[in-house]
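Per-entry structural report
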Amino acid sequence: MQNRDFSEALDAAITGNRLNRTVSKKLQRLLNKIFLEGPLRPLKNFANGSWLEHPLHPLLTDVPVGAWTVTILLYLAALLFGMNELGIAIALAMGLGILAALAAIATGFMDWMDVDPTELSIGFTHAVVNSFGTLLFIVAWALLFIAQWQVSVANFIPALVGYGVIAGGAYLGGTLVFRFGTMINRNAYRSGPKEFTPVVAFEDLADNKPTRFVVQGQPVLLVRHGQRVYAIGAVCSHYGAPLEQGTIHGSTIECPWHYSRFSLEDGSVKTGPATAPVPLYETDVKDDKIWIRVLRVAQTVSPH
Ligand code: FES
């Protein structure tokens, strides 16, 4: 097959590596065993950022990138202009970057354990490259410490190489999000119906059974509890699982894939790993039919 650009050629080389595929599959299985099925699941959900309504990993990755950019600039100032007193400032910036990078690696693995097979190898390579870059900064910090904060080319080189490695890791992170759509809200582009639209006869909707309908091209989940009808998006915002295959727990529905729970009342996330709510629809029963119209798509309240 013809590769169209550098990024696609790189993706093909990574995903085509059998060792990478085997190791990443085994590691993903292991992490799922430890964090998805056991008592550590709340820890995973915390690391996913559901409590923040935003993935935690990309927030944390900004810190080392910024801190290590400052590190390199201070190193250059110290080495080019003989400002050796900058050693402590360099150690502080580099140390902050290392701590944030360790947290970013941990949260990244908690996101990665849910990815689809196509994203597995690239995500694993992204993690390995960034872990190696972090290791180089740890080496640089240790050398600076041993030198009693005296800046030298010897402790600058590992930091400089680490900075280049991290840039490569960041490129793969961008590929994951912008090419593969990893961790994006699967309902980001939903819309409508803006006017009340009939969906199904009230009597034809089974009680307490999540049922999927396509209304004006939008996948909608209806759940009837007695006389009350809930309507939310039928696609899990996390990785797109069909919520009609989920399980009802009171006024929430649990996703069949990674067990996020969404409120039937307002579509909000009650339990992660999802961080974005699902669309919400207003319901009405008229002429023995259930009618719906959109109330909220993604995070925005529809003006209808
Ligand atoms: S697809 Fe992952 S929680 Fe629903």
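Described in the following lines is the structure provided in the data block.

Definitions and limits used
- The residue count restarts for each chain, going from 1 along the sequence in the order it is written.
- With pLDDT at 70 or above as the cut-off, local features in this predicted model cover only qualifying residues; side-chain atom pairs require 80 or more to be listed or tallied, and sums for whole chains, interfaces and linings still use all residues.
- Per the convention used, a helix needs a DSSP run of H or I reaching at least four residues, while a strand needs a run of E reaching at least two, with both numbered from the N terminus.
- Our radius of gyration looks at C-alpha atoms and nothing else; its globule reference is 2.2 Å times the residue count to the power 0.38.
- Two residues form a contact once the distance between their C-beta atoms, set from the backbone, is within 7 Å.
- In this usage, the nonpolar core is the set of buried Ala, Val, Leu, Ile, Met, Phe, Trp, Tyr and Cys residues whose C-beta atoms join them within 7 Å.
- Counts of 20 or more other C-beta atoms within 10 Å of a residue's own C-beta define buried residues, counts of 12 or fewer define exposed ones, and intermediate counts define partly exposed ones; C-beta atoms are placed from the backbone.
- Helix span, expected: 1.5 Å multiplied by one less than the number of residues in the helix.
- Inter-axis angles, ranging from 0 to 180 degrees, are taken between N-to-C directions of lines fitted to C-alpha atoms, where helices are fitted over the stretch in contact.
- Working rule for angles: under 35 degrees goes down as roughly parallel, over 145 as roughly antiparallel, 65 to 115 as roughly perpendicular, anything else as oblique.
- The handedness criterion is simple: a crossing whose near helix is rotated anticlockwise from the far helix by less than a right angle is left-handed, and one whose near helix is rotated clockwise is right-handed.
- In this count, Pro and Cys sit with the nonpolar residues alongside Ala, Val, Leu, Ile, Met, Phe, Trp and Tyr, while Asp, Glu, Lys and Arg are called charged and the others, Gly among them, polar.
- This arc is built from the directions going out from the helix axis to the C-beta atoms.
- At least two DSSP bridges between two strands are needed for those strands to be called paired.

A short note on the overall build of the protein chain
Counting secondary structure elements, the protein chain contains seven helices and 11 strands. Its C-alpha atoms give the protein chain a radius of gyration of 24 Å, more than 25% over the compact-globule value 19 Å for 304 residues. Seen along its three principal axes, the alpha-carbon backbone of the protein chain occupies a region of about 85 × 40 × 40 Å. The contacts in the protein chain between residues at least 6 apart in sequence include a share of 60% that link residues at least 24 apart.

A word on the nonpolar core
Grouped together as the largest cluster of nonpolar side chains are 33 residues, with contacts concentrated most on Tyr75, Ile90, Met94, Phe137 and Ala159. Among the elements of the structure, helix 4 (56–81), helix 5 (87–112), helix 6 (117–146) and helix 7 (153–179) are those that each provide at least two residues to this core. Examining the composition of this core, we find that 10 residues originate from one element, helix 5, more than from any other. With residues near it in sequence (within four places) discarded, Phe137 still touches Trp68, Met94, Gly97, Ile98, Ala159 and Gly162. Grouped together as the second largest cluster of nonpolar side chains are 31 residues, Val229, Ala241, Ile253 and Val278 included.

So, the environment of Thr61
Tracing the backbone shows Thr61 in helix 4. Residue Thr61 is classed as buried on the basis of its C-beta count, with 22 C-beta atoms lying within 10 Å. Remark: the alpha-carbon pair of Thr61 and Asn155, spanning 94 residues in sequence, is separated by 23 Å. In this view, Thr61 contacts Ala104 and Gly173; residues no more than four positions away in its chain are not counted.

Regarding helix 4
The end-to-end C-alpha separation of helix 4 is 38 Å, in line with the 38 Å expected for 26 residues at 1.5 Å each. Looking only at helix 4, the buried set comprises Leu56, His57, Leu60, Thr61, Pro64, Ala67, Trp68, Thr71, Leu74, Tyr75 and Ala78. In this fold, the buried residues of helix 4 make contact with helix 3 (41–48), helix 5, helix 6 and helix 7. Gly82 occupies a position one or two residues after helix 4 and carries a positive phi of about 65°.

Observations regarding the packing of helix 6 against helix 7
Two elements in contact, helix 6 and helix 7, have axes separated by 8 Å at closest approach and are oriented at 160°. One finds that helix 6 runs roughly antiparallel with respect to helix 7. By crossing handedness, the relation of helix 6 to helix 7 is classed as left-handed. Residues belonging to the contact of helix 6 with helix 7 are distributed by class as follows: 17 nonpolar, 11 polar and one charged.

Topic: helix 3
Regarding helix 3, the residues found buried are Lys44, Asn45, Ala47 and Asn48. One side of helix 3 holds all its buried residues, which, seen down the axis, span an arc of 160°. Directly after helix 3, the chain includes Gly49, whose backbone phi takes a positive value near 95°.

Things to note about the pairing of strand 9 (residues 280–286)
Alignment of strand 9 against strand 10 (residues 289–297), held across seven bridges, turns out to be antiparallel. Residue pairing in the sheet places Leu280 in a bridge with Arg296 of strand 10. The hairpin formed by strand 9 and strand 10 contains two residues between the paired strands, and Asp287 there has a positive phi angle of roughly 55°.

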